[in-house]
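Here are the chains, one letter per residue:
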Amino acid sequence: MSGIGGQAAPAAPGQPGQPYQYETSPVQQQQQYQQQYQYQQAPVQQEQYSAPPPQYTNYEGYTNGNVADPQQTPAPVSYQYDAAESEALFRMVEQPKDQADAETMEYADEYGEEEEEGEVEQALTEDSYSLLYTADFFSRTTFFAITVVILQAGMLFLTFFDLIDANPDGEQNKTNGVSNRLKIPPGTSPFVTLAQFLGMVLTVMLMGVEGDIVVGGSQLLEGYDDGILHDMPNATFPRWLVTGSMQLMEIDEIAFKLADMGILASQIQADCEKVKNLKQVSPPEFIARRTLWKRIMLILLFITLTIGYAFVVSWQMNGVYLCKHVYIQFGDAFLPEMAYYSGQFHHQGFGWSDRENDRVTYIDDTGKLKLAYCNSETAWTISWVKQGSSSCDYIFKSSNTDTFDVAEVDNWVVKTSTTGDVPVDWLKVVCNDCTPELCNEAYGDCKVDNSKGSKLNKCECKSKDRQGLNCDLPATCRYFDLDARTTDELAVQPGGYFLSETEFVDLSFVPGFDDDITLMHHRSIYAPYGGFNDAEGPAVVENISTFMLFSGRRWVIYTLPEGSSEHLAKDEFITFLRDNDPANNPVAALENISKTYPHFKPLFFSSPVNYGGANYVREYGNSWVLTQPVPNYTVLPRQADDNQPLPATYVCSDCSGDPGICQNNGFCNSGYCHCSYFFRGPNCERSYECLEFGDLDRKSTETGCYFEQGHCNPVTRLCEECVNGTFGNLCQYGGQNALSEQDQLFCAKCEASDGSVGECDVHTKICPCLPGYSGDICQYDSTTAPPTDDLVETIVNTTIEIVETILNTTTESVGGVSNELGAFANETANALGGLAQPNPPADAAEGGPPQSEAPAEGSLPLSNLPGDGSGNLPPP
């Protein structure tokens, strides 16, 4: 062994029985001091070795810069550990406080490396999870780590929440019955799909380098090592499991670095230093296993992302999130005949070869129009289907967009020959894939074929009370009539005479008209009402002079021009509808009406009926306009002229669904409004004028004013200068002859009764009844009226009459038999020589005892029973 200033022994360290030597120089005195340590071989499971004291500066005999006596060197300190207890050795490497400590730690590092050849030092991850794993549970550090984890987990949750559709019903992003809660784009181009796949591969690579998912997952798979408890007693198995699982959420290390800078608290900074300085000395097999787990994690992550992305690409290629059928309603301001083509467009396949410019194309029911995407215009277009034509040769074009979902586009323009592209007045595009949600199961059934090019996409209504594109409209009104307040204005228009005298009936409710021929553009066709048969239902007049139908955006009334004597027979009209199938071929049916019946003209158009608008719900209540000729027409020879409004309007005259439509004290009975004394019209909406009231009311035969209490103005048609305190348009209110509200209803109810006949007198309250009817307003039918005292008496008398008839008949029969027996007895007595008795009295020789006109005792007396001999009972 060398002296203090000598050279170190050349023996190699680490061999049994060989000394370890190191040199050091104190800070105050640059002297060499040599100390010898002996290394002894331990048993297989235990090793003993000598080590320098932990603090060289506290070594006994060396203080205040003085060299101690080598003979006073204390005994070496022995450290022991069980090699089978743990695969890894944890030790705390503190920062040296002075040069001596630095040299001591340098030796320790050299010693550790030589202890097991090939071992590698590894540190814990410098993030909030390591703090949560190692720090005291009730310390500031743990509270800080938990706060960071909660905040960043909340950020991840909010990000995910923003990416998904949180609507509980999932209706906001539902297409073709599929809820797109992840808001997956409905389609992409092949280049974008490839770029997304390569981006996914790059993401996996980045996760392998810095991703917490790979680190946390591999640590969970390799297992917990309790050797860390030697230096970190708080790092227990439950905390390892929790923090490792939370690390899979991929949260960054920014908070750890911020705490390590000492900005938050010194205690948190000190814990960060411990995490940074905690080293794990791992054997080669441990490192190999960890590397294997990381590879497995990367492979699993790549496979999971690839499978998920494959599903997304498959859904996009198969059009899961794209409309298979769309409904388009066109306006008619610039191209009037385009409105007749309003209807459904159907997809032509979702494969790459079926698409145009990477997007799906749609063809309408007629096969004449195409909805597709034009790359040069960067917009969706509607064009004619022609040989070799391009979607860029458009009729309508949307605003610039790169969307794959045509239902998202808006702001359409129409190409004109004079002014170029101008905004359309109306063009509505909606997804219309028939699903149980869209076609309400309570009202209709879906008939769908989503195969390539199929046109079957129908919501078939279960009842005639529903109609519309998806059975979404109630067909509550069977009859329509002209508002009585507007008949005068319509009567002066060409063809208006037919309308002013016509009440329309829905053909869906008329026997003889099949369901398939009573609809056009999902709305009913109407013809003139021809009466009601209790056994069969409503009927259509035999000779049709007008009819009404829906052309796609407006209601159209066809009628004959003024002075025309031609009509259309009902049977011929039915045959025409069956041959042209207006429900499935509306455009062709409209074309054939103009060709087959040119004398019928579309003279009146309604105001626009926009899909989804307020006036789309019902047929009545729309305003009307006159028409003007269309040059070079292909469908209808005339078009709506919004500059010529028509004051006439139609009202529902069927009050069975809504009795409240009867106005001015009118009431509903059998589906019709019955008006009070001074009003008329299908809804009792119009009051009588004095010029017409005089012809109807016998109290106003001269002037038309009620009880001649005023003078009728022929211009205003109102009564003026009412006398006796009366007032009103007919001087009907006030005064001694005024009628109460009940008085006004009396004759209306009388006339509505099935048993009334003749004129009703509102003043005398006399309602003339048909034979067999009775009551104040002839409401009782004697064959069905409830029993009364008079009716009971009538039944008793009738029963007595029937019994007497039977008794009389029986008596006559018995009397005849008695006469025959008496004659036979007389003849027998005469033959025997009158032995039994003398000759009979003269009055008995004619056939028995004398007959009295009085009935025998016990029989019922005859009476004059009521009745007319027909078997019908008179009214009680």
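Residues numbered from 1 in each chain as written. Predicted model: local features only at pLDDT ≥ 70, side-chain atom pairs only at ≥ 80, totals over all residues. Heavy atoms only, no water.

Looking at an unreviewed UniProt entry, one finds the protein named Multiple EGF-like-domains and attributed to Seminavis robusta.

Draft legend 1. Representation of the overall build of the protein. From N to C terminus, the protein includes 16 helices and 44 strands. Split into buried and exposed, the 876 residues of the protein put 41% on the buried side. Long-range pairs, those at least 24 residues apart, make up 57% of the contacts in the protein between residues at least 6 apart in sequence. Entry remark: accessible area of the protein is about 47000 Å², with carbon and sulfur atoms responsible for 54%. (Helix = DSSP H or I, 4+ residues; strand = E, 2+ residues; numbered from the N terminus. Buried < 20%, exposed > 50% of the residue type's maximum accessible area, 1.4 Å probe, protein only. Contact = heavy atoms within 4.5 Å. Areas by Shrake-Rupley, 256 points an atom, 1.4 Å probe, with all protein chains shown as cover.)

Draft legend 2. Expanded view of the state of the cysteines. Counted under the stated rule, the structure contains 15 disulfides. Across the disulfide, Cys-374 is cross-linked to Cys-392 (sulfur-sulfur distance 1.9 Å). The sign of the S-S torsion, about 100°, decides the handedness of the disulfide formed by Cys-374 and Cys-392: right-handed. One end of the pair, Cys-374, is in strand E13 (residues 369-374); the other, Cys-392, is in the loop between strand E14 (379-384) and strand E15 (396-397), with 18 residues separating them in the sequence. With relative accessibility at 0%, the residue Cys-374 sits in the buried group. Covalently, Cys-477 is tied to Cys-652 through a disulfide, its sulfur atoms 1.7 Å apart. An S-S torsion of about 105° defines the bridge between Cys-477 and Cys-652 as right-handed. One end of the pair, Cys-477, is in the loop between strand E22 (473-474) and strand E23 (479-482); the other, Cys-652, is in strand E36 (residues 650-652), with 175 residues separating them in the sequence. When its relative accessible area of 4% is taken as the criterion, Cys-477 is described as buried. (Disulfide = S-S within 2.5 Å.)

Draft legend 3. Main features of the UniProt feature "transmembrane region" (unreviewed entry) in the protein. Following the UniProt record, one finds the feature "transmembrane region" (unreviewed entry) at residues 143-164, 191-209 and 296-315. Helix makes up 100% of residues 296-315 and strand 0%. Its end C-alpha atoms lie 29 Å apart. (UniProt positions renumbered as here; feature names shortened; annotations may be inferred.)

Draft legend 4. Up close: helix H12 (residues 570-580). Looking only at H12, the buried set comprises Lys-570, Phe-573, Ile-574, Phe-576, Leu-577 and Asn-580. Taken around the axis of H12, the buried residues stretch over an arc of 160°, which confines them to a single face. Across H12 from its buried face, at more than 90 degrees, point the exposed residues Asp-571 and Asp-579. Elements in contact with the buried residues of H12: strand E27 (526-533), strand E28 (537-540), strand E29 (543-544), strand E30 (546-550), strand E32 (568-569) and helix H13 (586-596). Positioned one or two residues after H12, Asp-581 has a phi angle of 50°, which is positive. (Arc of directions from axis to C-beta.)

Draft legend 5. Region of interest: the environment of Asn-432. One can find Asn-432 in the loop between strand E18 (427-431) and strand E19 (444-448). Separated by 3.0 Å, the side chains of Asn-432 and Asn-470 make a polar contact. (Polar contact = N/O pair within 3.5 Å; in protein donor to acceptor, adjacent residues only side chain to side chain.)

Draft legend 6. Structural view of the nonpolar core. Ranked by internal contacts, the top residues of the largest apolar core, which has 62 residues, are Phe-330, Leu-371, Phe-396 and Trp-412. Filtering out sequence-adjacent residues up to four positions away, Trp-412 remains in contact with Leu-371, Trp-380, Thr-381, Ile-382, Phe-396, Lys-397, Ser-398, Pro-423, Val-424, Leu-427 and Val-429. Core analysis: the second largest hydrophobic core is formed by 52 residues, Cys-662, Cys-747, Cys-750 and Cys-767 among them. (Core = buried A, V, L, I, M, F, W, Y, C linked by side-chain atoms within 4.5 Å.)

Draft legend 7. Looking closely at the pairing of E23. Neither face of E23 is left uncovered, since the one carrying Tyr-479 and Asp-481 and the one carrying Phe-480 and Leu-482 both have all their residues buried. Relative to strand E24 (residues 503-506), E23 is paired through three bridges, and the arrangement is antiparallel. Residue Asp-481 lies in a different strand from E24, and its bridge partner there is Glu-503. Here E23 runs beside E36; their pairing, made up of three bridges, is antiparallel. Its bridge partner lying in E36, Asp-481 is registered against Val-651. (Pairing = 2+ DSSP bridges.)

Draft legend 8. Expanded view of the environment of His-325. Along the polypeptide, His-325 turns up in strand E10 (residues 325-330). In contact with His-325, not counting residues within four places along its chain, are Gln-344, Phe-345, His-346, Cys-431, Asn-432, Asp-433, Asp-449, Asn-450, Ser-454, Leu-456 and Asn-457. Polar side-chain contacts of His-325 include one of 2.8 Å to the side chain of His-346.

Draft legend 9. View of the side chain of Thr-627. Among the structural elements, Thr-627 can be located in strand E34 (residues 624-629). A polar atom in the side chain of Thr-627 sits 3.4 Å from the backbone oxygen of Pro-602. For Thr-627, the side chain forms a polar contact with the side chain of Arg-638, separated by 2.7 Å. Once you skip the residues sitting within four places of it in the chain, Thr-627 turns out to touch Pro-602, Leu-603, Phe-604, Phe-605, Arg-638, Gln-639, Ala-640, Asp-641 and Gln-644.

Draft legend 10. Spatial organisation of the sheet that holds E13. A sheet is described by the order of its strands in space; here nine strands give the open sequence E17-E16-E15-E14-E13-E12-E11-E10-E18, paired in antiparallel fashion. Pairing within the sheet leaves two strands with one partner each, and these edge strands are strand E17 (420-423) and E18. As judged from the three bridges shared by strand E11 (residues 343-347) and strand E12 (residues 362-364), these two strands associate in the antiparallel manner. Bridge assignment links His-347 to a residue of E12, and that residue is Tyr-362.

Draft legend 11. A look at a nonpolar patch on the surface. Taken together, Ile-299, Ile-303, Ile-307, Phe-311 and Trp-315 make up a surface patch of nonpolar side chains, about 470 Å² in accessible area. Mapped onto the elements, Ile-299 comes out in helix H9 (residues 284-317). (Patch = residues over 30% accessible without salt bridge, like charges linked within 9 Å, V, L, I, M, F, W, Y side chains within 5 Å. Salt bridge = Lys/Arg side-chain N within 4 Å of Asp/Glu carboxyl O.)

Draft legend 12. Structural detail: the side chain of Ser-700. Considering the arrangement of structural elements, one finds Ser-700 in the loop between helix H14 (690-693) and strand E41 (711-712). When sequence neighbours within four positions are dropped, the list of residues in contact with Ser-700 reads Phe-693, Gly-694, Cys-705, Tyr-706, Phe-707 and Glu-708.

Draft legend 13. Broad picture of unusual backbone geometry. Backbone geometry places Thr-378, a non-glycine residue, at a positive phi of 45°. With respect to the helices and strands, Thr-378 occurs in the loop between E13 and E14. Judged by its relative accessible area of 35%, Thr-378 is partly exposed. For Cys-471, which is not a glycine, the phi torsion comes out positive at approximately 55°. Structurally, Cys-471 is set in the loop between strand E21 (466-467) and E22.

Draft legend 14. Just the pattern of salt bridges, in detail. Counting across every chain of the model gives 15 salt bridges. For the salt bridge of Lys-452 with Asp-354, the shortest nitrogen-to-oxygen distance reads 2.8 Å. Of this pair, Lys-452 sits in the loop between E19 and strand E20 (457-461) while Asp-354 sits in the loop between E11 and E12; the two residues are 98 residues apart in sequence, bridging distant segments of the chain. On the basis of relative accessible area, Asp-354 is assigned to the partly exposed category, the value being 22%.

Draft legend 15. Structural detail: the packing of aromatic side chains. Counted under the stated rule, the structure contains 26 aromatic pairs. Ring centres 5.1 Å apart and planes at 45° place the aromatic pair Tyr-327 and Tyr-611 in the tilted group. Highlighted residues: Tyr-327 in strand E10 and Tyr-611 in the loop between strand E33 (601-606) and E34, separated in sequence by 284 residues. When the ring of Tyr-688 is compared with that of Phe-693, the centres are 5.8 Å apart and the planes differ by 45°; the resulting orientation is tilted. Note on accessibility: Tyr-688 and Phe-693 belong to one class, buried. (Phe/Tyr/Trp six-rings, centres within 6.5 Å; stacked < 30°, edge-to-face > 60°.)

Draft legend 16. Summary view of the confidence of the model for the protein. When the pLDDT values of the protein are averaged, the result is 73; 65% of them are 70 or greater. Overall, residues 75-116 carries pLDDT values under 50, and its contacts beyond four positions in sequence, including any with other chains, amount to 73 contacts. (pLDDT = per-residue confidence, 0-100.)

Draft legend 17. Quick peek at the pairing of E27. For E24 and E27, the ladder comprises three bridges, and the chain directions are antiparallel. Within the sheet, the bridge partner assigned to Val-505 lies in E27 and is Ala-527. The pairing of E27 with E28 spans three bridges and is antiparallel. Looking across to E28, one finds that Asn-533 is bridged to Gly-537. Linkage of E27 to E28, two consecutive antiparallel strands, is achieved through a turn of three residues.

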